[in-house]
Amino acid sequence: MMKRLLIMGCLSYLLTGCTHVIFGAVLPELLAHYDRSYSDGGMLVFLEFGGFLLGVLCMPSLIRRISRRSTITAAFGLLFFAMIAIVLLPPWPITVCLSFIAGVAFGLVESCISTFVLMAAKDNQAIAFNKLEVFFGLGALFMPIISSILIAGGLWKYGFLLLGLSALATGIVWSKLSLGEHDALLAHKADRTQRTEKLPALTKSSLTFLLLLMIVFFLYVGMENTIVNFLPSIFTDQLHASSSVSSLAVTAFWLAMVIGRIFAGVVAEKMTYFRYLAVSFAGSLLTVLIWVFSTNLWSSFAVVLLLGLFMSGMFAVALIYANQLLPGRTEQTTSTLIAAGGLGGSILPLGVGWGMDRFHVGVSIWFVLIGMCVVLGIILYSRRWNVQTSKSV
């Protein structure tokens, strides 16, 4: 039954990956249709990830009241409503509100399924979670390709229709799905029992480590969201590429992310989690530094591919690393870090969009460069905490 759970988890993550990038993939067309600026685009992304954050924060409360199964099913219902409504291209304020609703939906789906799979997988968490991340990347990879084709045919809005129908079908399957021994984790009584169990206390050093990782997730998701949502605009304005070609830049990024995630788990196990994260962020920093001085279309595509490879395993490895060093708190730690990422994904692109309007489109690249510097510094500093923990164990 674990295999069935992973199949449904992967399909759900495939859909959330598509939802994650759909607005960015069609952002130039969307802003042109409504005659809006990059600041408005930043606000759209801000509210989408604000909704994501709300969904993550509401998840523990909802699963206690209506069960995990009902929470997941209701989330896909919300996503269906939001996507179908956007196809109608309502007035801009309504579209922005619908992006918020979509964010709530995939925030609920991502946090609920990720904690569910990690709790069910037990000793195989790294393998299980890495599979989810691969399918998230596949969704983020396929959606820009589909969007590029639809943009070329003047049918870009129907990408939202495709996602809406997929969400409806997935929600129906989750509502009827049987997972055998794992059905208990979907039930209300199982959650009530888990609430009475005493969680391991957080020491001062453990809390410091958790706070550092929250900053890492805050910046990482903010950087990734900036890249995904503004990459087409960067290629359009700085490199004068067409809208369809610019959307393919997101495809290149996620192609590298998917390839990297296939091997990330194995590489991280051999290198240790700390070394993997340190090398990944250092490599990303150097790549973005090269990107600052890149003015050629094809060299920029090469930089985007390289950046995707370096960033591919950061989220999963950092999350599993945190759960390994903070045992017995899987649901709490996972939700906290995903929520921190959602907060960064909502706030930071808003500031980047504002900067792109008032200064230059290249502001987004400089933000990623500075963000990589800060995160690399935190990862290197966390080594001191990791060594002390290892000695105490």
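Residues numbered from 1 in each chain as written. Predicted model: local features only at pLDDT ≥ 70, side-chain atom pairs only at ≥ 80, totals over all residues. Heavy atoms only, no water.

- Per an unreviewed UniProt entry, the protein chain goes by MFS transporter and derives from Paenibacillus germinis.
- What UniProt states about the protein chain under its Subcellular location (unreviewed entry) heading is, verbatim, "Cell membrane".
- The Sequence similarities (unreviewed entry) field of the UniProt record for the protein chain holds the comment "Belongs to the major facilitator superfamily." (UniProt positions renumbered as here; feature names shortened; annotations may be inferred.)

**What to know about the overall build of the protein chain**
Then, number 1: Along its length, the protein chain carries 15 helices and 0 strands.
Then, number 2: The 393 residues of the protein chain split such that 57% are buried.
Then, number 3: Taking as baseline every contact in the protein chain between residues at least 6 positions apart, the subset at least 24 positions apart corresponds to 86%. (Helix = DSSP H or I, 4+ residues; strand = E, 2+ residues; numbered from the N terminus. Buried < 20%, exposed > 50% of the residue type's maximum accessible area, 1.4 Å probe, protein only. Contact = heavy atoms within 4.5 Å.)

**Focus on the packing of helix α3 (residues 38-87) against helix α9 (residues 204-238)**
Then, number 1: The contact between α3 and α9 brings their axes to 12 Å, and the two run at 150 degrees. Relative to α9, the element α3 is oriented roughly antiparallel. As for the relative orientation of α3 and α9, their crossing is right-handed in sense. Residues Tyr38, Gly42, Val45 and Phe49 of α3 form the contact with α9, whose own contacting residues are Val221, Asn225, Asn229, Phe230, Ser233 and Asp237.
Then, number 2: Grouping the amino acids of the contact of α3 with α9 by side-chain chemistry returns 5 nonpolar, 4 polar and 1 charged. (Axes fitted to C-alpha atoms, helices over the stretch in contact; angles between N-to-C directions. Parallel < 35°, antiparallel > 145°, perpendicular 65-115°, else oblique. Left-handed = near helix turned anticlockwise from the far one by under 90°. Nonpolar A, V, L, I, M, F, W, Y, C, P; charged D, E, K, R; others polar.)

**Observations concerning the nonpolar core**
Then, number 1: By size, the foremost hydrophobic cluster in this structure holds 136 residues, and its most contacted members are Trp174, Phe253, Trp254 and Phe281.
Then, number 2: A per-element tally of this core places α3 first, with 18 residues. (Core = buried A, V, L, I, M, F, W, Y, C linked by side-chain atoms within 4.5 Å.)

**Section: the packing of helix α11 (residues 273-292) against helix α13 (residues 314-325)**
Then, number 1: Close contact between α11 and α13 brings their axes to 10 Å; oriented N to C, the two are set at 150 degrees. By the criterion of interaxial angle, the relationship of α11 to α13 is roughly antiparallel. Remark: the crossing between α11 and α13 carries left-handed chirality. Where α11 abuts α13, its residues Tyr273, Phe274, Tyr276, Leu277, Ser280, Phe281 and Ser284 lie against Met314, Val317, Ala318, Ile320, Tyr321 and Gln324.
Then, number 2: The residue makeup of the contact of α11 with α13, split by class, is 10 nonpolar, 3 polar and no charged.

**What to know about the packing of aromatic side chains**
Then, number 1: Applying the stated criterion across every chain, the model contains 9 aromatic pairs.
Then, number 2: Seen in terms of ring centroids, phenylalanine 217 and phenylalanine 315 are 5.1 Å apart; in terms of plane orientation they differ by 65 degrees. Their pairing is edge-to-face. Of this pair, phenylalanine 217 sits in helix α9 while phenylalanine 315 sits in helix α13; the two residues are 98 residues apart in sequence, bridging distant segments of the chain. Across the pair, phenylalanine 315 and phenylalanine 217 agree in class, each one buried.
Then, number 3: Cluster of aromatic residues (ring-pair linked, three or more members): Tyr13, Phe136, Phe253 and Trp254. (Phe/Tyr/Trp six-rings, centres within 6.5 Å; stacked < 30°, edge-to-face > 60°.)

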